[in-house]
Amino acid sequence: MLNKKNFITIYLLSFLFLFNFNSYAKIVENVIINGNSRVSDQTILLYGKIDIKQNLDEEKINVILNNLNATDFFEDIKIEIKNSVLVINLKEYPVVNQIILKGEPSKKIAKEIKKNLKLKERNSFIKSYLSSDIEIIKEIYSSLGYNFASIETKINKVDNNNFDLLIEIIRGKKTKISSINFIGDKKLKDRKLRDIIASEEDKFWKVISRNTNFNQSLIDLDIRLLTNYYKSIGYYDVVINSKTAEINNENNINLTYSIEAGTRFTVDKITTNVDPVFDNKLFFPLKKSYDKVIGEYYSPFAIKKILEDIDKIIENNSLQFVEHNVEEDVKDKTISIQFNIYEGERQLVERINIKGNNITDESVIRGELILDEGDPFTNLGLDKSIAKLKSRRIFKDVTSVVTPGSESNLKVIDINVSEMPTGEISAGAGIGTNGGSFELRISENNWLGEGKKLDFILATDSESLTGKINYTDPNYNFMGNSINYFIANSSNDKPDQGYENTIYSTGVNTSFEQYRNIFTNLGLSASYDDLRTVSSASESLKKQSGEFSELAGNYGFMYDNRNRAFMPTSGSIISFNQNLPIIADRQAIENTFNATKYKSFSDDVVGASKFYISTINGIGDDDVRLSRRKNLSSRKLRGFERGKVGPIDGNDHIGGNYTAALNFEASLPNLLPETTKTDINLFLDFANVWGVDYDSSIDDSNKIRSSTGIAANWLSPVGPLSFTFATNLTKANTDTTEFFNFNLGTTF
């Protein structure tokens, strides 16, 4: 039982608690709002999350204040409680009545500028936004090559609550990149370095490319690409220690990158430091991944693959709140790596806010996030989400801010995206021994803000004209799988093969990663082929004429363990595809197998071994129609004219039911001075084209063809020029050979 003394103590403490609570928390009976003319009382209550009859203390008043400040409606906000009445005194920002751009003749650029400004018509005029908007305009003009644009602003006061904003623009002249040079201990040839960077030298035919315009963001991209490439081949401490941009007499830029590659490092040891809260036996399988890397040149791509292995173990064992990082101990010429796996704070994601997406639908952004509201929060999951968004190539920048949630174990994530132009136009042309070619591509990578990709492709060469429209959803139904729809038309005139035809086709296909490094594709296509043989064709060949319709399904698998997709130096890529008829006038099964293995012998010497085989066979009594018969490209069999290898019907090379090729290639280091801008490659080709199913009297031409020689790639003043000098080792009597082949290709 309580004695009298204890009872009095408890009573006094309770009285003090209630007095203290009433001093700092008051029940609101009414709300009075002053100073608002543009924003209604109800809207203010809604945005401020203000309720009648609620207890308000200092902390909750600050929440209301922050909520109202976040609306950007009010220049000044004062809140107080008087006699149980919440009084809110406001001063509204004036409104931007209209934004007038003077001096920009292009409606498209003017629209792009207005879209990226923080200040918007019919929105609040916030003076602090004006200076940042001027910088945004300068960045836009810099990306177009106008690096010395002059921007001035004038404000016209319509009345106390409405302003007109006049932006006067003097673009000036474009600054072009006249030359690109590399100096220092760069280890690699200039030709390879030019392939790595995005910048291009300005030429008179470069009328479409933006990469000939000098701008800082492009230079920063070049440095990032160069740094990543050098590190990927072991130059861990590479330094792009200076970049100079000299203005020449034509007010254009001579661009120079100074590169100090440093030492090439190998990985000598890899260890795992696992937090005792986890069973370290779960991570024993990592040893197989470690063994593949130890002794090899350091590459961040290899480290990334091990981190993906760690993530897979975490996922398969349903581990939560797991974080990991990498420690690298650099010695003279070796690097020791330690992976730390530990338990992070036990916190959850309360809310994810998406900001900055004026065009892109929010669902597109959320569909790329690994973290979701209610999930365990980890920095690892957040970093991977940001990386996935950046890889979509529809945002100039993606950043995140993490703040405490409504409770101590909750986090609020703000994802800030900066959108960029997503439309692209590119064109390329070439001329060579096999005739001329031209290709035009128009792409939109964020169609209607839905993250879809739309492509239009027009290509022509000496024998064909092709048009194609692709529509791709890279994250169909937010399942992580891409789906592609296409419609195409191709007209071909192949007198050396005895026919001409027009093909109309359409289809749908999907692709996804089935297992680690193993990708699956599935598709369905329909086609109509109007095939006509030439007048000089043989009688058996003329029987191939006709109109053919087909509905077919296809599937395929690809295994890719290259160290990187761009300019790989090790690893391999293997693929198999099969096309199966469902309904067809002439039914045939088509199979294709490809395999390529890469091996680096030194900085400048990379070898490749390639194997290819493709077959097509009719089903039952059906023969393969002429337009589907197999031929080899000049890249798979050098020293022979394109399309003039294999079986002959009369004077026409008709191709075969089977094709196969085995190629060995290697670059040769420093045979010519660097100033020649020329690379030399050595090759050895073995190939065959054989099999005739429609006429048993025709020789199937089953004979191994082979050739060897050198290929020279010269960066000429008018574009990349390649020469091939080949000598035949073995051939068939009916084959047409060529000792010399050249091709000049460039982009616009």
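Chemist: How should I be thinking about the overall build of the protein chain in this particular structure?
Modeler: Secondary structure summary: the protein chain contains 12 helices and 35 strands in total. Counting the 748 residues in the protein chain, one finds 41% classified as buried. For the protein chain, the computed accessible surface area is about 39800 Å², with 53% contributed by carbon and sulfur atoms. In the protein chain, which carries 89 positive and 99 negative side-chain charges, the distance between the mean positions of the two groups comes to 3 Å.

Chemist: Even after reading the chapter, I still don't get the sheet that holds strand E14 (residues 334–343), so can you show me in this structure?
Modeler: Within a sheet, adjacent strands bond to each other through the backbone by hydrogen bonds, running parallel or antiparallel. Taken in spatial order, the three strands of this open sheet run E12-E14-E13, and their pairing is mixed. One side of each edge strand has no neighbouring strand; the edge strands of this open sheet are strand E12 (266–274) and strand E13 (322–330). Going from strand to strand, the sheet's axes swing by 15° on average, the running direction of each strand aside. Relative to E14, E13 runs antiparallel, the two being bridged by nine bridges.

Chemist: Sorry, what's going on with the pattern of salt bridges here?
Modeler: Opposite charge on two side chains permits pairing when their charged atoms draw close. The full count for this structure, using the stated rule, is 45 salt bridges. Across the salt bridge formed by Lys 384 and Asp 311, the nearest N and O atoms sit 2.8 Å from each other. Taken together, the residues span a long stretch of sequence, with Lys 384 in helix H11 (residues 379–391) and Asp 311 in helix H9 (residues 300–316) at a distance of 73 residues. Accessibility expressed as a relative area gives 34% for Lys 384, which makes it partly exposed. Given the relative accessible area of 15%, Asp 311 is considered buried. Arg 346 is the partner of Glu 343 in a salt bridge, and the nearest nitrogen-oxygen pair spans 2.7 Å. We classify Glu 343 as partly exposed; its relative accessible area is 27%. Overall, Arg 346 belongs to the exposed group, its relative accessible area being 56%. One salt-bridge network, in which partners are shared between bridges, spans Lys 304, Glu 308, Asp 309 and Arg 516.

Chemist: For this particular structure, what's the right way to read H9?
Modeler: Every α-helix carries 3.6 residues per turn, so stepping three or four residues along brings you back to the same face. The terminal C-alpha atoms of H9, which comprises 17 residues, lie 24 Å apart, in line with the 24 Å expected from a rise of 1.5 Å per residue. What H9 keeps buried is the set Ile 303, Ile 306, Asp 309, Ile 310, Asp 311, Ile 313 and Ile 314. Those residues of H9 that are buried are in contact with E12, helix H8 (286–293), E13, E14 and H11. Phi turns positive, to about 55°, at Ser 318, one or two residues after H9.

Chemist: What am I meant to see in the pairing of strand E4 (residues 74–82) here?
Modeler: Across eight bridges, the pairing between E4 and strand E5 (residues 85–92) is antiparallel. Its bridge partner lying in E5, Asp 76 is registered against Lys 91. Counting the residues that bridge the hairpin from E4 to E5 gives two residues, and of these Asn 83 lies at a positive phi of roughly 50°.

Chemist: Is there a simple way to think about the sheet that holds strand E15 (residues 348–355) in this case?
Modeler: The three strands lie next to each other as E15-E17-E16, forming an open sheet whose pairing is mixed. Each edge of the open sheet carries a strand with a single partner, namely E15 and strand E16 (395–404). Going from strand to strand, the sheet's axes swing by 20° on average, the running direction of each strand aside. Pairing of E16 with strand E17 (residues 410–419), which is carried by nine bridges, proceeds in the antiparallel orientation.

Chemist: I keep staring at the side chain of Asn 591 and nothing clicks. Help me out?
Modeler: Residue position: Asn 591 is located in strand E27 (residues 588–600). A polar contact is formed between the side chain of Asn 591 and the side chain of Gln 578, at a distance of 2.5 Å.

Chemist: Is there a simple way to think about unusual backbone geometry in this case?
Modeler: When glycine is set aside, most residues are seen to have a negative phi, and most peptide bonds are trans. Phi is positive for Asn 83, close to 50°, though the residue is something other than glycine. When you line up the elements, Asn 83 lands in the loop between E4 and E5. Given a relative accessible area of 77%, Asn 83 falls into the exposed group.

Chemist: Help me understand the packing of aromatic side chains, please; the structure alone is not making it clear to me.
Modeler: How two aromatic rings sit relative to each other is set out by the distance from centre to centre and by the angle between their planes. Scanning the entire structure with this criterion turns up 19 aromatic pairs. On the numbers, 5.3 Å between centres and 70° between planes, the contact of Phe 125 with Phe 163 is edge-to-face. Of this pair, Phe 125 sits in the loop between helix H4 (107–116) and helix H5 (127–143) while Phe 163 is found in strand E8 (residues 162–170), placing the two residues 38 residues apart along the sequence. The exposure classification of Phe 125 matches that of Phe 163, with both residues buried. With 5.2 Å between their ring centres and 45° between their planes, Phe 725 and Phe 740 make a pair best called tilted. In this pair, Phe 725 is assigned in strand E34 (residues 719–730) and Phe 740 in strand E35 (residues 740–747), connecting sequence segments 15 residues apart. Phe 725 gets classed as partly exposed once you look at its relative accessible area, which sits at 33%.

About the thresholds
Residues numbered from 1 in each chain as written. Predicted model: local features only at pLDDT ≥ 70, side-chain atom pairs only at ≥ 80, totals over all residues. Heavy atoms only, no water. Helix = DSSP H or I, 4+ residues; strand = E, 2+ residues; numbered from the N terminus. Buried < 20%, exposed > 50% of the residue type's maximum accessible area, 1.4 Å probe, protein only. Areas by Shrake-Rupley, 256 points an atom, 1.4 Å probe, with all protein chains shown as cover. Lys, Arg positive; Asp, Glu negative; His and termini not counted. Charge placed at Lys NZ, Arg CZ, Asp CG, Glu CD. Pairing = 2+ DSSP bridges. Axes fitted to C-alpha atoms, helices over the stretch in contact; angles between N-to-C directions. Salt bridge = Lys/Arg side-chain N within 4 Å of Asp/Glu carboxyl O. Expected span 1.5 Å × (residues − 1). Contact = heavy atoms within 4.5 Å. Polar contact = N/O pair within 3.5 Å; in protein donor to acceptor, adjacent residues only side chain to side chain. Phe/Tyr/Trp six-rings, centres within 6.5 Å; stacked < 30°, edge-to-face > 60°.

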